[in-house]
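A closer look at the structure
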Amino acid sequence: MNNNLYITDKSANLTTMRDPMVLVADGKYYITGTQPPYFDGDNEGVHLWSTKDFEKFEDCGLILKRADMPETLWCRDRFWAPELFDGKDGWFYLTFNCCNEGPEHIKKLKNVGIARSRKATGPYEILSYDKALTEGLRGGNDGSMFADDDGKLYLLCNEKDAIMLYEYDKENVRLLNGRAICERGKNDEWDSAGVEGPCLVKKHNKYFLWYSSWTNGYNAGLCTADSIDGPWKKSEQNPVIGDNDLWHHAGHNHSFTSLDGKDYLIFHANIKNPEEEDVERIIIRPVEYLKDGTVKLK
């Protein structure tokens, strides 16, 4: 892992990414995220890169292509916050957030879709082709997967007021037993406007739920629990990722363990650099998960 504050390889088009995440597989790192345009308009789909050192990146191309989708499909516009997950069952799962912004008779709201492949680089088959995985449920944005020690698969996502946790029934491609595990804060709290961007990690038999809020620009914090069933408690360290002398508007982070066993966070932020004033970049920083449920961001 290099010692740069942020990814510097501009040839890979990673300097314009938001909502980044890393999958560790095949002895390398795969990175994906939201490509521009971020909030409206169409992007090409879900793009993937690989690297061994976070300095030079190999372009793996589009693993989900908008051009391959019919105009009436619910998931063909505005792909954002995709995530890759090794299901340890012979499949790699791709969650993606999408909608259809076409004519009123086919327009669909934002929702979470899921696809799978035998290889991290694809090709991926959309499992939620006929309808979104979250259609008709409370959730519908920023899908992220988690596997517990008992083999159960979970999907986390958000609505405006809460981070939702669902059991994922992979045989029937559906979500079960949804419950809110992190709700937006009260008035004047750092996360009172809403919560999004979940990432669930298990360390020291504790559950660490990362999430972000746009209340004060953008920041990220934690909820913790001793059981996946709760109770969940917001960390006294919140916001864990706030503004400092190096960056501001930082969040939508993802946690991963490197090939040498160290834990890192990857997130987007606006850097404070006299040579590139207020430019958004992808930042990677070491993080330490402690047994008392706190973390140290280095």
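These lines cover the structure that appears in this document, whether it is placed above or below. None of the values given here were measured: they were computed from a predicted structure.

Let us now look at the sheet that holds strand β20 (residues 295-297). One open sheet holds the four strands; their spatial order is β17-β18-β19-β20, and the pairing between them is antiparallel. Looking at strand neighbours, the two that pair on one side only are β17 (247-257) and β20, the edges of this open sheet. Averaged over all neighbouring strand pairs, the angle between strand axes comes to 30°, with direction disregarded. Pairing between strand β18 (residues 263-271) and strand β19 (residues 279-289): eight bridges, direction antiparallel. Counted as the bridge partner of H268 is I282 from β19.

Turning to the nonpolar core, a few remarks are in order. Within soluble globular proteins, side chains that are nonpolar tend to cluster in buried spots. Core analysis: the largest hydrophobic core is formed by 23 residues, its most contacted members being L64, L84, L94 and F96. The biggest single contributor to this core is strand β6 (residues 92-100), with four residues. Residues contacting L64, with those up to four places away along its chain left out, are E44, G45, V46, M69, F79, L94, F96 and I126. Grouped together as the second largest cluster of nonpolar side chains are 19 residues, C199, W210, L265 and V287 included.

The rules behind the values
One numbering rule holds for all chains: residues counted from 1, following each sequence as written. At least 70 in pLDDT is required for a residue's local features to be given in this predicted model, at least 80 for side-chain atom pairs to be given and counted, and no such filter applies to totals for whole chains, interfaces and linings, which use all residues. Excluded from the side-chain calculations are hydrogens and water; all other atoms, namely the structure's heavy atoms, are used. At least two bridges found by DSSP between two strands is the condition for calling them paired. Secondary structure counts use DSSP, requiring at least four H or I residues in a row for a helix and at least two E residues in a row for a strand, with both numbered from the N terminus. Each axis is a line fitted through C-alpha atoms, and for a helix only the stretch in contact is used; angles between axes span 0 to 180 degrees, taken between their N-to-C directions. The term nonpolar core refers to a set of buried residues drawn from Ala, Val, Leu, Ile, Met, Phe, Trp, Tyr and Cys, joined through side-chain atoms within 4.5 Å. Burial classes follow relative accessibility: with a 1.4 Å probe on protein chains only, a residue under 20% of its type's maximum area counts as buried, one over 50% as exposed, and anything between as partly exposed. The contact criterion used throughout is that any non-hydrogen atoms of two residues lie within 4.5 Å.

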